[in-house]
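# Close look at the chain arrangement
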Amino acid sequence: MSPHVIVGAGPVGTATARLLADSGERVRLITRSGGGPEHAGIERVAADASDAATLTRHTADATTLFSCGGPAYHRWGTDWPPLGAALIGAAEASGAVLVTTGNLYGYGPVDAPMTERTPQRPNSVKGRVRAKLWADALAAHEAGRIRTAEVRGSDYLGAGVTSTATVLLLPKVLAGKKASAPGDLDAPHSWTYVGDVARTLVAVAADESAWGRPWHVPSPPPVSVRALAVRAAELIGAPAPRLAPIPAPLLRIAGLFNTDAREVWEIRYQSAAPFVLDSSAATAAFGITPASTDDALLETMKDLRARAA
């Protein structure tokens, strides 16, 4: 049985590896440390996936290559290009279908729900990186060199997730403390469950008609940051949250001293106005019913509670 090779053992890579292994598939999981979930069907390999020769060697017998990892947030501009090139090269050498976990940065600011046909108009370094990665993969696909698709989700919820919600907002809700978040706390915002990202990646990889285009992960109706915090508190029996927006000047100043705050500043537009994902195409094509926001929140809060303990 040819393996599915997964690069990255973060929340999406881990969920994808478990989903495939639990269904009896053979999985090879590549990370720099050789980490990842313990499972009889998962072979864990320590390797640098951005080294083209190394990745090509580890994917020679692969049927599918899932890109589920990535460089540290502040190193996207320097570290993603060689990793993206290595992924394309490995897919070309092996014939494996390359399915990439993307995001919404490439669209830039929007004034309507995002569909897969929304133009790529990035206004940030990270957005330009993501748009270029997809453009390069798509060009290789259209030239007949590889077969590829990209799966895009909004801000993640679920176990192991690191995001504005899981760093700034929900831990404070869990502790009953005042919480702050950037932007308009009442603007509609889409949230994507990592388990649904994994299900979409696997579905796209298995469907030849799905290749050569991006897909949006089936996601529930949008919920504002304030509504998300209130519902999280209700679900775990915590006090009603006290929320305040982080003023833009304060976020800007924080970015002078904190790497993560500096990266958030670049994509602040995503929290300053409605940021809504239209995932109806993938829902119809693959029959995936997304996890409810309640279920995704419960998993997220359980994981945050475990981390706090």
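Please refer to the structure placed before this passage.
None of these values were measured; they are calculated from a predicted model.

## Concerning the sheet that holds strand β1 (residues 4-7)
Spatial ordering of the open sheet is given by β3-β2-β1-β4-β5-β6-β10, a layout of seven strands whose pairing is parallel. This sheet does not close on itself; its edge strands, each paired only once, are β3 (42-46) and β10 (214-216). For this sheet, the mean inter-axis angle between neighbouring strands, taken without regard to orientation, is 20°. Bridge analysis of strand β2 (residues 27-31) against β3 gives five bridges, and the strand direction is parallel. Bridge pairing links Thr 31 to Ala 46 in β3. Relative to the sheet, helix α1 (residues 11-22) contacts β1, β2, β3, β4 (64-67) and β5 (97-102), its axis offset from that of β1 by approximately 165°. Against the sheet, helix α4 (residues 125-142) touches β5, β6 (148-152) and β10, its axis set at about 150° to β6.

## Quick word on the pairing of β5
Along β5, six of the six residues are buried, which leaves the element largely enclosed by surrounding structure. A two-sided burial pattern is seen for β5, the buried positions comprising Val 97, Val 99 and Thr 101 on one face and Leu 98, Thr 100 and Gly 102 on the other. Relative to β5, β4 runs parallel, the two sharing four bridges. Its bridge partner being in β5, Thr 64 is matched across the sheet by Val 97. Note on the crossover from β4 through helix α3 (residues 76-94) to β5: the handedness is right-handed. Where the polypeptide runs from β5 across α4 and back to β6, its parallel neighbour, the crossover connection is right-handed.

## Some details on the packing of helix α5 (residues 164-175) against helix α7 (residues 225-236)
Orientation of α5 relative to α7, taken along the N-to-C sense of each, is 40°, at an axis distance of 9 Å. As judged from the angle between their axes, α5 and α7 are oblique. Crossing geometry of α5 relative to α7 is assigned as right-handed. Along the contact surface, α5 presents Ala 165, Leu 169, Leu 170, Val 173 and Leu 174, while α7 presents Val 225, Leu 228, Ala 229, Ala 232, Ala 233 and Ile 236. Residue classes in the contact of α5 with α7 are distributed as 11 nonpolar, no polar and no charged.

## Looking at the pattern of salt bridges
Under the criterion given, the structure shown has 16 salt bridges. The salt bridge partner of Arg 28 is Glu 43, with a shortest N-O separation of 2.9 Å. Within this pair, whereas Arg 28 is found in strand β2, its partner Glu 43 is found in strand β3, the two being separated by 15 residues in sequence. A relative accessible area of 8% means that Arg 28 is categorised as buried. Given a relative accessible area of 35%, Glu 43 falls into the partly exposed group. Several salt bridges converge on common partners, so that one network encompasses Arg 26, Arg 28, Glu 43 and Asp 61.

Here is what the cut-offs are and how they apply
Residues numbered from 1 in each chain as written. Predicted model: local features only at pLDDT ≥ 70, side-chain atom pairs only at ≥ 80, totals over all residues. Heavy atoms only, no water. Pairing = 2+ DSSP bridges. Helix = DSSP H or I, 4+ residues; strand = E, 2+ residues; numbered from the N terminus. Axes fitted to C-alpha atoms, helices over the stretch in contact; angles between N-to-C directions. Contact = heavy atoms within 4.5 Å. Buried < 20%, exposed > 50% of the residue type's maximum accessible area, 1.4 Å probe, protein only. Right-handed = clockwise from strand over helix to strand, strands pointing away. Parallel < 35°, antiparallel > 145°, perpendicular 65-115°, else oblique. Left-handed = near helix turned anticlockwise from the far one by under 90°. Nonpolar A, V, L, I, M, F, W, Y, C, P; charged D, E, K, R; others polar. Salt bridge = Lys/Arg side-chain N within 4 Å of Asp/Glu carboxyl O.

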